[in-house]
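# Examination of the molecular architecture
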Amino acid sequence: ALYGRVERPECIACGLCQMLAPDLFDYDQAGIAYYKPDRNTGTKALDDQATIHFRLAYKRCPTRAIKRSDHPFDADPYTPT
Ligand code: F3S
């Protein structure tokens, strides 16, 4: 299984991930991205369709702020404001 999340301090608010995978990424008011399906905890496995979109964003993020793993992350949830 594949898990993903945004390492938010590394995001420069470029906007690409949300453009490429609007079902997976959204922004806070400062434009910093978070991973939508599990509040950026990286604990919900991607299904096949979402994996395709995720890979596009993962490859294009200019700062490599999008992280992937084959096991769940250990991260605090992000609460969008
Ligand atoms: Fe940020 Fe990378 Fe998305 S810089 S807005 S996480 S493509």
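Keep in mind the model is a prediction, meaning the values are calculated, not measured. (Residues numbered from 1 in each chain as written. Predicted model: local features only at pLDDT ≥ 70, side-chain atom pairs only at ≥ 80, totals over all residues. Heavy atoms only, no water.)

### Some words on the nonpolar core
Which entries qualify depends on this criterion: Throughout, nonpolar core names a set of buried Ala, Val, Leu, Ile, Met, Phe, Trp, Tyr and Cys residues whose side chains join them through atoms within 4.5 Å. Three labels apply to residues, based on accessible area from a 1.4 Å probe with only protein chains included: buried if under 20% of the type maximum, exposed if over 50%, partly exposed otherwise in between. Helix and strand labels come from DSSP, where a helix needs a run of H or I of at least four residues and a strand needs a run of E of at least two; each type is numbered from the N terminus. When checking whether two residues touch, look at their non-hydrogen atoms; a contact exists if any pair is within 4.5 Å.
Ranked by size, the top nonpolar core spans 17 residues in total, and within it Val6, Leu24, Phe25, Leu46, Phe54 and Ile66 carry the most contacts. If you list the elements that add at least two residues to this core, you get strand 3 (33-35) and helix 2 (48-60). Not counting residues within four places of it along the chain, the set of residues in contact with Ile66 comprises Arg5, Val6, Cys17, Phe25, Phe54, Ala57, Tyr58 and Cys61.

### Digging into the packing of aromatic side chains
Heads up, the condition is: Side-chain rings of Phe, Tyr and Trp, where Trp is taken by its six-membered ring, are said to pair if the distance between their centres is within 6.5 Å; with planes under 30 degrees apart they count as stacked, over 60 as edge-to-face, and otherwise as tilted. Definition used: whenever NZ (Lys) or CZ (Arg) falls within 6 Å of the ring centre and also within 35 degrees of the ring normal, the charge is taken to sit over that ring.
According to the stated counting rule, one finds five aromatic pairs in the structure shown. One aromatic cluster in this structure is built from Phe25, Tyr35, Phe54 and Tyr58. Note that Arg5 overlies the ring of Phe73, its terminal NZ or CZ placed 5.8 Å from the centroid. Sitting above the plane of the Tyr58 ring, Arg68 keeps its charged end 5.5 Å from the centroid.

### Remarks on helix 2
For clarity, the cut-off: A helix is expected to span 1.5 Å for every residue after the first. Here the arc refers to the directions that run from the helix axis out to each C-beta atom. We call two N or O atoms a polar contact when they sit within 3.5 Å, provided that within protein one can donate a hydrogen and the other can accept it, with sequence-adjacent residues counted only if both atoms are side-chain atoms.
Helix length check: helix 2, at 13 residues, gives a terminal C-alpha distance of 19 Å against a target of 18 Å (1.5 Å per residue), a fit within 8%. Among the residues of helix 2, those classed as buried are Ala50, Thr51, Phe54 and Ala57. Across the axial projection of helix 2, the buried residues extend over an arc of 130°, all falling on one side. Turned more than 90 degrees away from the buried face of helix 2 sit Asp48, Ile52 and Lys59, all of them exposed. On its buried side, helix 2 packs onto strand 1 (3-6), helix 1 (16-20), strand 2 (25-27), strand 3 and strand 4 (66-69). Two or three places before Gln49, at the opening of helix 2, Asp47 has a side-chain oxygen 3.3 Å from that residue's backbone nitrogen.

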